[in-house]
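Notes for the structure review
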Amino acid sequence: MAGMKRVLSGIQPTGEIHIGNYLGAIKQWIELGEKLGREALFTIVDYHALTNPAAYDPALLPKRTFEAALANIAAGLDPERVTLFVQSHVPEHTELSWVFTTQTPLGDLFRMTQFKDKAKKQKSVPAGLLMYPVLQAADILLYKADTVPVGEDQLQHLELTREIARRFNRTFGETFPEPKALLNPKAPRVPGIDGKAKMSKSLGNTIGILEEPSSIWEKLRTAPTDPARVKRSDPGEPTRCLIWRYHTYFSPPELVKEVIEPECRRAGIGCVECKRMLFDSMMKELGPIQERAAELKAHPERVLEGLEEGRKRAAAIAEPVMEEVREKIGLMRPGSRPWED
Ligand code: TYM
């Protein structure tokens, strides 16, 4: 973490926050926030959510944006220390995004695998889906952030962000740093509860961080395990098992090494027992988050105050950077006297 000066990350307000988001990104944000204070910026990217027709509903967006902020605060982000804000509250994001759009080759955007995957699922593809990573580059570069904690699925977008920064610097003079992605080495790609694909809101294979314990248990109870363990007495190979993987995220390493792994291999514990132990470990971590969320729901103004403080801090960084960009790209500034140059 040496050399990091400013970090920024974002999350879409497209529904409940799941343990993939939590382990892949939010936990790292929280750690970095403790070290960097207000230089750690976290944004709820509501403009990005507009590109997702399955999840976007104008009547629900304000509620989901608020809930995403609440869930992040409950998970441990302290808005008094770090800078937590809503993307659309700082209008320079979309302004910078337009500038980058004019400088980014279409070919670079058509190559993005997330675009290809999402476009395939839609009859009519909105241009915003193609421009999505340009807005993401603007989110990051508007703050001249050097580090971006994300899951593995965002690496290609980060590579494009660096290219956008390089191209801008070449054309208009040194302006932006080339930000690096920061993965959580323990959980760069959390698998879904179906045991097949990456955990993802759009695949419906998630466990929400604020989900009812009884519903979490039901999902664990019916989740697939090592296929070799048909009967209770069949020995298993933990590294093939989804439940083992989740244990590595939530259970103490000694429990995994000294109990879960050897007992699975010698059929000393059954899968249901192993799942119960996982459930206990998960609720040890998620329980306090759920309690804090309930408290915040009873005092929603605390979330609003945090977001307003965050908006002010974010705007204080974004406004001068955007002005620097306007000047560098040659816009006539109000009251300037171009005939004198
Ligand atoms: P979003 O909202 O899809 O996800 C938020 C964060 O969670 C990570 N993540 C995962 N990590 C590990 N395993 C998983 N199964 C998993 N699912 C999601 C994502 O990698 C992400 O870090 N494009 C971004 C939002 C964004 C952004 C930004 C991020 C907009 N502007 C600027 C960083 C910086 C996205 O769709 O995240």
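Analysis parameters
- Residues numbered from 1 in each chain as written.
- Predicted model: local features only at pLDDT ≥ 70, side-chain atom pairs only at ≥ 80, totals over all residues.
- Heavy atoms only, no water.
- Helix = DSSP H or I, 4+ residues; strand = E, 2+ residues; numbered from the N terminus.
- Contact = heavy atoms within 4.5 Å.
- Polar contact = N/O pair within 3.5 Å; in protein donor to acceptor, adjacent residues only side chain to side chain.
- Buried < 20%, exposed > 50% of the residue type's maximum accessible area, 1.4 Å probe, protein only.
- Pairing = 2+ DSSP bridges.
- Axes fitted to C-alpha atoms, helices over the stretch in contact; angles between N-to-C directions.
- Parallel < 35°, antiparallel > 145°, perpendicular 65-115°, else oblique.
- Nonpolar A, V, L, I, M, F, W, Y, C, P; charged D, E, K, R; others polar.
- Domains from an automatic or database assignment.
- Buried area = accessible area lost by both parts, 1.4 Å probe.
- Salt bridge = Lys/Arg side-chain N within 4 Å of Asp/Glu carboxyl O.

Along the chain, Asn72 turns up in helix H3 (residues 61–75). Taking C-alpha positions, Asn72 is 13 Å from Glu295, a pair spaced 223 residues apart along the chain. The contact partners of Asn72, leaving out residues within four places of it in the chain, are Ile11, Ile17, Ile26, Trp29, Ile44 and Leu77. Polar contacts involving the side chain of Asn72 include one to the main-chain carbonyl oxygen of Ala68, which spans 2.9 Å.

Burial along strand E3 (residues 83–86) is two-sided: the residues Thr83 and Phe85 and Leu84 and Val86 are all buried. Pairing analysis gives 4 bridges linking strand E2 (residues 40–44) to E3, with the strands arranged parallel. Counted as the bridge partner of Leu41 is Thr83 from E3.

Here we come to the packing of helix H1 (residues 19–36) against helix H12 (residues 271–298). The description of two helices packed together rests on the angle between their axes and the distance between the axes. One way to put it is that H1 packs onto H12 with a least axis distance of 13 Å and a crossing angle of 80°. It follows that H1 is roughly perpendicular to H12 by the angle criterion. Side by side, H1 and H12 meet where Ile19, Tyr22 and Lys27 of the first sit next to Met282, Glu285, Leu286 and Ile289 of the second. When grouped by side-chain class, the residues that make up the contact of H1 with H12 number 5 nonpolar, no polar and 2 charged.

Looking now at unusual backbone geometry. Look at Lys144: it is not a glycine, yet its phi comes out positive at around 50°. Mapped onto the secondary structure, Lys144 falls in the loop between helix H7 (127–141) and strand E4 (147–149). Accessibility expressed as a relative area gives 27% for Lys144, which makes it partly exposed. Despite not being glycine, Ala267 has its phi angle at roughly 55°, a positive value. Given a relative accessible area of 13%, Ala267 falls into the buried group.

Turning our eyes to something else, we now look at the domain arrangement of the chain. Its domain assignment divides the chain into domain 1 (7–190 + 300–340) and domain 2 (213–295). Taking the mean C-alpha position of each, domain 1 and domain 2 sit 35 Å from one another. Taken together, the 14 residues of domain 1 in the interface contact 11 residues of domain 2. Taking both sides of the interface into account, the surface hidden between domain 1 and domain 2 amounts to around 1000 Å²; carbon and sulfur atoms contribute 60%. Between the two partners, domain 1 and domain 2, sit 1 salt bridge. For Lys27, the salt bridge goes to Glu285, with nearest N and O atoms at 2.9 Å. Linking domain 1 with domain 2 are 4 residue pairs in polar contact (both at pLDDT 80 or more), by the criterion used here. Contributions of two or more residues to the side of domain 1 that touches domain 2 are made by H1 and H3.

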